[in-house]
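# Chains, contacts and geometry: an overview
Now for the letters of each chain:
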Amino acid sequence: MARAATTTDAFNAVAEPRRRQILDLLAAGELPVNDLVALLDLAQPLVSKHLRVLREVGLVDVRDEGRQRMYRINPVPLQPIHDWVKKYEQAWSERFDRMDVVLTELKTTENGDRDDQ
């Protein structure tokens, strides 16, 4: 089965680490492209390429403000990713709960060993 094009699917678009970094930065608020370039320490054409992909998928919106292009996150296309990950949340929680029990037991055993010395 052929993989969906990066520009048509939010899952594939966020698979690229730099695009996730851009989304992380934009989650804090709207930023101009030049600020993204500085924060990411990447060449402007590379940042623009990633922003174009994110725009085509609908994960970011852009507006002109004078000479600057301001980018902001659009969380709506992230919903399918959230829904998919949510399925695994219970399994993660159960594993973390079990790990807490094991760690508590290890601490109790370790403290008991110290008391015996």
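All values derive from a computational prediction rather than experimental measurement.

Turning our attention to the pattern of salt bridges. Tallying each qualifying case throughout the model produces six salt bridges. A salt bridge links E65 to R63; the shortest N-O distance between them is 2.8 Å. Residue class for E65 comes out partly exposed when judged on its relative accessible area of 41%. With a relative accessible area of 29%, R63 lands in the partly exposed category. Residue D64 pairs with R69 through a salt bridge whose shortest N-O separation is 3.7 Å. One salt-bridge network, in which partners are shared between bridges, spans E30, R63, E65 and R72.

As judged from the six bridges shared by strand β2 (residues 60–65) and strand β3 (residues 68–73), these two strands associate in the antiparallel manner. Its bridge partner being in β3, D61 is matched across the sheet by R72. Taken together, β2 and the strand that follows it, β3, pair antiparallel across an intervening segment of two residues, in which G66 is found at a positive phi of about 65°.

Turning our attention to the packing of aromatic side chains. Tallied over the full model, the rule gives two aromatic pairs. Plain terms: the ring middles of F11 and W84 are 6.1 Å apart, the flat faces sit at 85° to each other, and that makes the pair edge-to-face. Residue F11 is found in helix α1 (residues 10–13), and its partner W84 is found in helix α5 (residues 79–116); the two are separated by 73 residues along the sequence. The class of F11 is partly exposed, set by a relative accessible area of 35%. Here W84 and Y88 contribute two aromatic rings whose centre-to-centre distance is 5.2 Å and whose plane-to-plane angle is 65°, an arrangement assigned as edge-to-face. Taken together, the residues span about one helical turn, with W84 and Y88 both in helix α5 at a distance of four residues. By relative accessible area, which is 43% here, W84 ends up partly exposed. Residue classification places Y88 among the partly exposed positions, given a relative accessible area of 38%. Taken together, the aromatic side chains of F11, W84 and Y88 make up a single cluster linked through ring pairs.

Taken in spatial order, the three strands of this open sheet run β1-β3-β2, and their pairing is antiparallel. Where the open sheet ends on each side, the last strands, each with one partner, are β1 (31–32) and β2. The sheet strands contacting helix α2 (residues 17–27) are β1, β2 and β3, and the helix crosses β3 at an angle near 90°. Running at roughly 115° to β2, helix α4 (residues 44–57) makes contact with β2 and β3 of the sheet.

Cut-offs used in this document
Each chain has its residues counted from 1, following the order in which its sequence is written. Restriction of local features to residues with pLDDT of at least 70 applies here, the model being predicted, together with a cutoff of 80 or more for giving and counting side-chain atom pairs; totals for whole chains, interfaces and linings are based on all residues. Water and hydrogen atoms were dropped before computing side-chain values, which therefore reflect all heavy atoms in the structure. Salt bridge criterion: a side-chain nitrogen from Lys or Arg within 4 Å of a carboxyl oxygen from Asp or Glu. Partly exposed residues are those whose accessible area sits between 20% and 50% of the maximum for their type, while under 20% is buried and over 50% is exposed, using a 1.4 Å probe and protein chains only. Criterion used throughout: strands pair if DSSP finds at least two bridges between them. The numbering of helices and of strands both runs from the N terminus, where a helix is a DSSP run of H or I of at least 4 residues and a strand a run of E of at least 2. Only the six-membered ring of Trp is used, alongside the rings of Phe and Tyr, when aromatic pairs are assigned; centres must lie within 6.5 Å, and planes under 30 degrees apart are stacked while those over 60 apart are edge-to-face, with the rest tilted. Here, two residues are considered to be in contact whenever any of their heavy atoms come within 4.5 Å of each other. A fitted line through C-alpha atoms serves as each axis, taken over the contacting stretch for helices, and the angle formed by two N-to-C directions is quoted from 0 to 180°.

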